[in-house]
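Each chain, letter by letter, is given below.
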Amino acid sequence: MIINKQEFCVNGMNYTIRSASEKDAGNLSQLRLQIDGETENLDREKGEAFIDPPGFEKIIKTDADSKTNLFLVALVQNKIVGFSRCEGNQLKRFSHKIEFGVCVLREYWGYAIGKNLLKESICWADVNGIKKMTLHVLETNEKAISLYRKLGFEIEGILKNDKILSDGLYYNTVVMGRFNE
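Cut-off values and rules
Residues numbered from 1 in each chain as written. Predicted model: local features only at pLDDT ≥ 70, side-chain atom pairs only at ≥ 80, totals over all residues. Heavy atoms only, no water. Pairing = 2+ DSSP bridges. Helix = DSSP H or I, 4+ residues; strand = E, 2+ residues; numbered from the N terminus. Axes fitted to C-alpha atoms, helices over the stretch in contact; angles between N-to-C directions. Contact = heavy atoms within 4.5 Å. Phe/Tyr/Trp six-rings, centres within 6.5 Å; stacked < 30°, edge-to-face > 60°. Buried < 20%, exposed > 50% of the residue type's maximum accessible area, 1.4 Å probe, protein only.

### Overview of the sheet that holds strand S2 (residues 13-19)
- Spatially, S1-S2-S3-S4-S5-S6-S8-S7 is the arrangement adopted by the 8 strands of the open sheet, whose pairing is mixed. Where the open sheet ends on each side, the last strands, each with one partner, are strand S1 (6-10) and strand S7 (154-164). Taken pair by pair, the neighbouring strands of this sheet meet at an average axis angle of 25 degrees, ignoring direction.
- Bridge count between strand S6 (residues 132-138) and strand S8 (residues 170-179): 7 bridges; the pairing is antiparallel. Paired with Thr134 across the bridge in S8 is Gly177.
- Against the sheet, helix H1 (residues 25-36) engages strand S3 (70-76), strand S4 (79-88) and strand S5 (97-104), with an angle of about 90 degrees to S4.
- Packed on one face of the sheet, helix H2 (residues 53-65) meets S3 and S4 and runs near 115 degrees to S3.

Pasting the structure below:
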C-alpha cells in the first residue's frame, strides 16, 4: 500500500518518510547490506540473505499492490537512511495481523527515524483495520523494547537461546505484539 509522505525535524535533522518506489531498489539493496554490518540487533550478518535490486523491485511492487503490506523509506537530503516494512499474510486465519521490521543506518540513530517509521506504520495499520502488529527484538536491545512498550506493544513471549551472536553466546528474542481493539 502507498501512504502520503511526511516531513519531520528532530534534533535539527530534517527527513522525509514516504512509501518505497521501485526506483529505490538499488539504494535499498546497498543500504540493507551496510546496516546488517553495523549492528547485531538484526537477524542477518552482513551479506546474508542478500537482496539484489531486482529482488527489491519485486518486493516494493508487491507491497504497493497489497492491502496488508507497507514498505516505507526514510530520506535525509534525498538519501535513504532507513526503512521499515509491514508484511501481512494471505492466509485467511492470519489476515488480521502484520509483522513489522525496521532498520536505520547507525549514523542516523538518535533522530527518532525508527520511531517515526513505526508510528507511521501503526497509523496505517489502525486506519486499515489491522488488528495486530507483531515484531521480534533481541533481548539486549532495551532501548527498542522500551520504545515499543511506549507505543502500545506488550511482550507476548520469549524465544529462548534463539540467536547466536559474534561473541559465541546465545541470546533470547522477545516477541511483542500491539492490538488494535
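### Digging into the packing of aromatic side chains
- Counted according to the given criterion, the structure contains 5 aromatic pairs.
- With centroids separated by 5.4 Å and ring planes inclined at 20 degrees, the aromatic side chains of Phe8 and Tyr15 adopt a geometry described as stacked. Neither Phe8 nor Tyr15 differs from the other in exposure class; each is buried.
- An aromatic cluster of at least three residues, connected via ring pairs, comprises Phe56, Phe71 and Phe83.

### With respect to the environment of Lys61
- Looking at where Lys61 falls in the secondary structure, it is placed in helix H2.
- Lys61 gets classed as partly exposed once you look at its relative accessible area, which sits at 44%.
- Between the alpha carbons of Lys61 and Lys163 there is a distance of 31 Å; along the sequence they are 102 residues apart.

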